[in-house]
Amino acid sequence: GSLLQPESLLDAAAKRVAGSWAFERVEGRFQRIPEPVQRRIVYWSFPRSERQICMYSSFQPGRAAAASPASAAA
């Protein structure tokens, strides 16, 4: 059988931060966050399930064209 790799310390910490704080608060509170750390926090900040994505999204099927900047300029 294949061996599973344990979660990296970076991912474990980023997941914990993303689950507790909005990224804007992290940026505002801490100066000089290394780019790889920022990327992992942002990655883990996004919802994982389709239900969560729909719940937090403002996307409404059939209204995407009406809300786009190109259609507003026409």
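Refer to the preceding data block for the structure.
Residues numbered from 1 in each chain as written. Predicted model: local features only at pLDDT ≥ 70, side-chain atom pairs only at ≥ 80, totals over all residues. Heavy atoms only, no water.

With that settled, consider helix α1 (residues 9-20). The terminal C-alpha atoms of α1 lie 17 Å apart, and with 12 residues this matches the ideal 16 Å at 1.5 Å per residue to within 8%. Here α1 has its buried residues at D11, A14 and A18. One face of α1 carries all of its buried residues, which in axial projection span an arc of 65°. α1 presents L9, R16 and G19 as exposed residues on the side facing more than 90 degrees away from its buried surface. Those residues of α1 that are buried lie in contact with α3 (35-45). (Helix = DSSP H or I, 4+ residues; strand = E, 2+ residues; numbered from the N terminus. Expected span 1.5 Å × (residues − 1). Buried < 20%, exposed > 50% of the residue type's maximum accessible area, 1.4 Å probe, protein only. Arc of directions from axis to C-beta. Contact = heavy atoms within 4.5 Å.)

Moving on, we come to the nonpolar core. With six residues, the main nonpolar core is built from A14, A18, F23, V26, I33 and I41. Where this core is concerned, the elements lending two or more residues are α1 and α2 (23-29). Discounting residues that sit within four places of it in the chain, F23 has contacts with Q38, I41 and V42. (Core = buried A, V, L, I, M, F, W, Y, C linked by side-chain atoms within 4.5 Å.)

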